[in-house]
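A structural walkthrough
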Amino acid sequence: MATIFTKIIKGDIPSYKVAENENFYAFLDINPNAKGHTLVVPKKEVDKIFDLDENTYKELMLFARRVAMAIEKSVPCNRVGISVIGLEVPHVHVHLIPLNKMEEATFTSKVELSPEVFEATAQKISSNFR
Ligand code: AMP
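The paragraphs below set out a description of the structure included in this document. (Residues numbered from 1 in each chain as written. Predicted model: local features only at pLDDT ≥ 70, side-chain atom pairs only at ≥ 80, totals over all residues. Heavy atoms only, no water.)

1. As for the environment of Thr 121
As for its position among the elements, Thr 121 is in helix H3 (residues 115-128). Classification of Thr 121 by relative accessible area gives buried; the value is 8%. Setting aside residues up to four positions removed in sequence, Thr 121 forms contacts with Leu 28, Lys 35, Gly 36 and Val 75. Reaching out from Thr 121, the side chain makes a polar contact with the backbone oxygen of Val 117 at a distance of 2.6 Å. (Helix = DSSP H or I, 4+ residues; strand = E, 2+ residues; numbered from the N terminus. Buried < 20%, exposed > 50% of the residue type's maximum accessible area, 1.4 Å probe, protein only. Contact = heavy atoms within 4.5 Å. Polar contact = N/O pair within 3.5 Å; in protein donor to acceptor, adjacent residues only side chain to side chain.)

This is the structure in structure tokens:
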């Protein structure tokens, strides 16, 4: 059965899209640690990141780097952190999190954002994506 992220990539489930190319899709995390928290996903459905073939792994990291640069231009933050967990969704994804304090990296404190803020944030990151 398709993962929830495959359904998002196919457009069967809505998402706040940030960037996309042939092989990767980036969108805002719906339960963010901080405003601008983004997930970067390979379209290929693989559960664990270290099971990716070497080329997809490298390309994922390069794509995530470009998304992180766009986040840094769009959301006031000290830096963008990167994390890979995958305990909830068995489809490789990289968390990119704008960080100002350590709690934002811990997945224990969450922020609530309105649909309007999600939309505006996604659009801003998207406009800075190169
Ligand atoms: P983990 O698998 O532990 O890395 O966590 C999965 C992440 O996916 C969590 O941060 C969720 O908030 C996020 N997530 C789950 N469903 C959605 C969705 N439909 N749209 C955006 N983010 C989601």
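Resuming the write-up.
2. A closer look at the site of the ligand
As a structural note, the neighbourhood of the ligand is formed by 16 residues, with Asp 29, Gly 86, Glu 88, His 93 and His 95 the closest of them. His 93 has a polar side-chain atom sitting 2.6 Å from an oxygen atom of the ligand. Elements represented by at least two residues in the shell around the ligand include exactly helix H1 (4-10) and strand E2 (24-28). With three residues, the top contributor of residues to the shell around the ligand is H1. A per-class count over the shell around the ligand returns ten nonpolar, four polar and two charged. (Near = heavy atom within 4 Å. Nonpolar A, V, L, I, M, F, W, Y, C, P; charged D, E, K, R; others polar.)

3. Some remarks on the pairing of strand E5 (residues 94-99)
Most of E5 sits out of view: six of its six residues are buried. Residues of E5 alternate between two faces, with Val 94, Leu 96 and Pro 98 on one and His 95, Ile 97 and Leu 99 on the opposite face, all of them buried. In terms of strand pairing, strand E3 (residues 38-42) meets E5 through three bridges, oriented antiparallel. Bridging across to E5, Val 40 finds its partner in Val 94. Sheet topology note: the strand E4 (residues 79-83)/E5 ladder contains five bridges and is antiparallel. Bridge pairing in E5 links Ile 82 to Leu 96. (Pairing = 2+ DSSP bridges.)

4. Brief notes about the pattern of salt bridges
In this structure the tally under the stated criterion is four salt bridges. In this structure, Lys 43 engages Glu 20 in a salt bridge whose closest nitrogen and oxygen atoms are separated by 2.8 Å. With a gap of 23 residues between them, Lys 43 in the loop between E3 and helix H2 (54-74) and Glu 20 in strand E1 (residues 17-20) connect regions that are remote in the sequence. A relative accessible area of 26% places Lys 43 in the partly exposed class. Measuring nitrogen to oxygen at the nearest pair gives 2.8 Å for the salt bridge that ties Lys 44 to Asp 53. (Salt bridge = Lys/Arg side-chain N within 4 Å of Asp/Glu carboxyl O.)

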